[in-house]
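Now for the letters of each chain:
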Amino acid sequence: MPALSPTMTSGVISEWKFKPGQPFNAGDSLAEVQTDKASIDFECTDGGVMGTQFVSDGAEVACGDPICITLEEDEEWDAAAFADFPVPSSGSGTATAPVVAGIITPTSDLPDSNKATVSAFFHAKSQNLDALSLFPGTGKGGRVTKGDVLTAMKSGSITTATTATATSSKSAPPSPSPSPSPSPTTATTTHTQPNPPPYDGNSTFTDEAPSQMRKVIASRLTESKRDTPHYYLDGSVRIDNLLQLRKEILNATGGKVSVNDVVVKCAGMALRDVGKVNHPSAGGGDSGGVDVSVAVATPAGLITPIVKNVEKIGLKAINSEIAELAGRAKLNKLKPEEFIGGTFTISNLGMFGISEFSAVINGPQGAILAVGGGIPTVVGSGSGSGSEGGEGVEVATMMSVRLSCDRNVFDEEVAGRWMQSFKAYTENPKSIIL
């Protein structure tokens, strides 16, 4: 398995493009691989014939592990020669427990409390079932998972939990009687809970395994939050002039420009003015200018395609590029250079009615801007930012922003100057086209 991106440690074979025995040419895609960011074609550099494949569609493979054998173009493929071909040892050198035909090798001497996950124990207990009867399960070390319990409930292969005995009550000392007089004859009644009806499979929810992208996103954000010294600057920006500029552009040209497009442009201009915040990414893809990564939600997870040279292009170009990149991102068709790199990230949740939030830095960048929605707010008249001043009050549309910064890259003074520059451009957006 090749490393198709600088941050890739493993990949999922989404689809093999050639079957064993089929010839291919140089430049053909041998397989579609789901990496940590997108689906990328694994292109072959030379022509040949597909010999055999060690993994099937949907399998996750660590980088460096063998996935197939190819033959030279002039070699003849023989199915019998590959019938019992041994799987080569892992190229990563990592020893893993053997998993053959779905059989899990259970960890020895595992205590009962660790033989099933918490969710498996809870779900089984709520249905008066015994999760341990399914050990070994499909989880790590043979642990029983919630999915194992649900599958067994559907097939009826899980056993009912044993009825609790009253031994504990016998060994416990009797509680003192509140009255010395003996109580009337007491009839001891045992209430047994009826067994629940068999699971019919008509669940109102679906358990889905996290995609490769979501697992990598979780790992990267955990690493960033743990190892990057975050600090935050909050600001409030008046966007009435920005909204008016959008209307003027629409009336004059018929072209639609979103608030996010203007925010991206204003951020790019501020990054040009305060260059220390424009921190180049070590992952490559830096064009030497201001390359802004824009967070885009896809079915597989969050991805940040890059709008390059933001300080040099206009609003219409930014709008077109974001729309085109976001469309291909949702189809997992981005090229590595279109999402790897960048010097700054913007995450905008204002369109969902979110007023403010904190974003985690997309390392190795130095900052990320979290943008909230515009909210009508009563401010002092004549005060562009809502501070005290003026002779009266008026209603202004205020947008909250929060800048997450890496102290390793720059300090509060630099971040403050960037926020000041960003606010100036946003509140007077016509200055970005001068």
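All residue numbers refer to position in the chain's written sequence, counted from 1. Local features in a predicted model are, by the rule used here, given only for residues with pLDDT of at least 70; side-chain atom pairs are given and counted only at 80 or more, and totals for whole chains, interfaces and linings are based on all residues. Excluded from the side-chain calculation are hydrogens and water; included are all heavy atoms of the structure.

Caption draft 1: Structural view of the overall build of the protein. Helices and strands together make up the secondary structure of the protein, namely eight helices and 15 strands. By sequence separation, contacts in the protein at least 24 residues apart represent 64% of the contacts at least 6 residues apart. Accessible areas in this description were obtained via Shrake-Rupley with a 1.4 Å probe; residue shielding takes into account the shown protein chains only. In the form shown here, the protein has an accessible surface area of approximately 24,300 Å², with 54% of it arising from carbon and sulfur atoms. Labels follow the DSSP assignment, with helices taken as runs of H or I lasting at least four residues and strands as runs of E lasting at least two, numbered in each case from the N terminus. Every residue pair with non-hydrogen atoms within 4.5 Å of one another is taken to be in contact.

Caption draft 2: Quick look at the packing of aromatic side chains. Two rings from Phe, Tyr or Trp (for Trp, the six-membered ring) form a pair when their centres are within 6.5 Å of each other. A pair whose planes differ by under 30 degrees is stacked, one over 60 is edge-to-face, and the rest are tilted. Applying the stated criterion across every chain, the model contains three aromatic pairs. Considering the side-chain rings of Phe344 and Trp418, the 5.2 Å spacing of their centres and the 35° angle between planes classify their relative orientation as tilted. Highlighted residues: Phe344 in strand E13 (residues 344–348) and Trp418 in helix H8 (residues 412–427), separated in sequence by 74 residues. Like Phe344, the residue Trp418 is buried in the burial classification. Between Trp418 and Phe422 the ring centres are 5.2 Å apart and the planes differ by 5°, which places this aromatic pair in the stacked class. Of this pair, Trp418 and Phe422 both sit in helix H8, four residues apart, roughly one helical turn. Buried residues are those whose accessible area, probed at 1.4 Å on protein chains only, stays under 20% of the maximum for their type, while exposed residues exceed 50% and partly exposed ones sit between those limits. Looking at Phe422, the relative accessible area reads 0%, which means it is buried. Taken together, the aromatic side chains of Phe344, Trp418 and Phe422 make up a single cluster linked through ring pairs. Lysine and arginine charges are scored as sitting over a ring when NZ or CZ, respectively, is within 6 Å of the ring centre and within 35 degrees of the ring normal. Directly above the aromatic system of Tyr231 lies the positively charged group of Arg407, at a separation of 4.6 Å from the ring centroid.

Caption draft 3: Highlighting the sheet that holds strand E2 (residues 23–24). One requirement defines pairing of two strands: DSSP has to find at least two bridges between them. Pairing in this open sheet of three strands is antiparallel, and the strands run E2-E5-E7 from one edge to the other. Two strands bound the open sheet, and with one partner strand each, they are E2 and strand E7 (68–71). Strand direction decides the pairing type here: E2 and strand E5 (residues 48–53), joined by two bridges, are antiparallel. Opposite Phe24, over in E5, you have Gly48 as the bridge partner.

Caption draft 4: Spatial organisation of helix H5 (residues 240–253). One less than the number of residues in a helix, times 1.5 Å, gives the span that helix is expected to have. Under the 1.5 Å per step criterion, the end-to-end length of H5 is 20 Å for 14 residues, consistent within 8% with the ideal 20 Å. Turning to H5, the residues buried within the fold contact helix H6 (259–273), helix H7 (315–329) and H8. Directly beyond the C-terminal end of H5, a positive phi value near 80° is found at Gly254.

Caption draft 5: Examining the side chain of Asp406 more closely. Within the secondary structure, Asp406 sits in strand E15 (residues 393–406). This buried residue, Asp406, is left without a salt bridge; Arg407 holds the nearest opposite charge, at 7.7 Å. In this count, Lys and Arg are taken as positive residues and Asp and Glu as negative ones, while His and the chain termini are left out. A pairing counts as a salt bridge when a side-chain nitrogen of Lys or Arg comes within 4 Å of a carboxyl oxygen of Asp or Glu.

Caption draft 6: The arrangement of H7 in detail. Here H7 spans 21 Å end to end across 15 residues, near enough to the 21 Å set by a 1.5 Å rise per residue. Those residues of H7 that fall on the buried side of the exposure criterion are Leu315, Ile318, Ile322, Leu325, Ala326 and Ala329. All buried residues of H7 fall inside an arc of 100° around its axis, so they share one side. Exposed residues lying more than 90 degrees from the buried face of H7 are Lys316 and Ala323. Of the surrounding secondary structure, the elements contacted by the buried residues of H7 are H5, H6, strand E9 (292–294), strand E10 (296–298), strand E11 (301–303) and strand E12 (306–307). Here the arc refers to the directions that run from the helix axis out to each C-beta atom.

As far as function goes, none of this settles anything; it's purely spatial.
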